[in-house]
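Tertiary structure, described
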Amino acid sequence: VQLVESGGGLVQPGGSLRLSCAASGFTFSSYGMSWYRQAPGKERELVAVISGTGDNTNYADSVKGRFTISRDNAKNTVYLQMNSLKPEDTAVYYCRARRFIPRYDYWGQGTRVTVSS
């Protein structure tokens, strides 16, 4: 099982980035996918989640209206489109795959996003 994030980097406030998470080794469409982030000195927090079919999404209040989670089950990839980025969005962003019955839980290694002028 692998989750490989990409797309992080340095961006100016107000800019955009699109993160990708490529999955392999499991039945991707059977898993809910989510993005988490962890800023320096802070706990990891949920940013966005999407159901296996992609029909249902949910967002942290801090990113609603700015971030969009999506998935392409044909490509086994989940995305996070981040617009209007703020310095407080600076963090390492992690991809997570989770299934409850049976219970499986996988994490990627993270990709760093820095929002700074």
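Residues numbered from 1 in each chain as written. Predicted model: local features only at pLDDT ≥ 70, side-chain atom pairs only at ≥ 80, totals over all residues. Heavy atoms only, no water.

Thoughts on the nonpolar core
The biggest cluster of nonpolar side chains holds 28 residues, and the ones touching the most others in it are Met 33, Trp 35, Val 78, Leu 80, Met 82 and Tyr 93. Breaking this core down by element, the ones donating at least two residues are β3 (17-24), β4 (32-38), β5 (45-50), β7 (67-72), β8 (77-82), β9 (91-99) and β11 (111-115). (Core = buried A, V, L, I, M, F, W, Y, C linked by side-chain atoms within 4.5 Å. Buried < 20%, exposed > 50% of the residue type's maximum accessible area, 1.4 Å probe, protein only. Helix = DSSP H or I, 4+ residues; strand = E, 2+ residues; numbered from the N terminus.)

Some points on the pattern of salt bridges
Throughout the structure, instances matching the rule amount to 5 salt bridges. Residue Arg 37 pairs with Asp 89 through a salt bridge whose shortest N-O separation is 2.9 Å. Highlighted residues: Arg 37 in strand β4 and Asp 89 in the loop between β8 and β9, separated in sequence by 52 residues. In this structure, Asp 105 engages Arg 96 in a salt bridge whose closest nitrogen and oxygen atoms are separated by 2.6 Å. The exposure class of Asp 105 is partly exposed, given its relative accessible area of 36%. Accessibility expressed as a relative area gives 10% for Arg 96, which makes it buried. Connected through salt bridges with shared partners, the residues Arg 37, Glu 45, Arg 66 and Asp 89 form a single ionic network. (Salt bridge = Lys/Arg side-chain N within 4 Å of Asp/Glu carboxyl O.)

Let's talk about the side chain of Asp 89
On the accessibility criterion, Asp 89 (0% relative accessible area) is buried. A distance of 2.9 Å separates polar atoms of two side chains, one belonging to Asp 89 and the other to Arg 37. (Polar contact = N/O pair within 3.5 Å; in protein donor to acceptor, adjacent residues only side chain to side chain.)

Quick notes on the packing of aromatic side chains
Considering all chains together, one arrives at 6 aromatic pairs under this definition. By way of ring pairs, the aromatic residues Phe 26, Phe 28, Tyr 31, Tyr 104 and Tyr 106 are connected into one cluster. (Phe/Tyr/Trp six-rings, centres within 6.5 Å; stacked < 30°, edge-to-face > 60°.)

Remarks on the sheet that holds β8
An order of β1-β3-β8-β7 is seen for the 4 strands of this open sheet, with the pairing classed as antiparallel. Each edge of the open sheet is held by one strand with a lone partner, namely β1 (2-6) and β7. Taken over all neighbouring pairs, the strand axes of this sheet differ in orientation by 15° on average, direction set aside. Looking at chain direction, β3 and β8 are connected through 6 bridges and run antiparallel. Counterpart to Leu 19 in the pairing with β8 is Leu 80. (Pairing = 2+ DSSP bridges. Axes fitted to C-alpha atoms, helices over the stretch in contact; angles between N-to-C directions.)

Bear in mind that shape data such as this cannot, by itself, settle questions of function.
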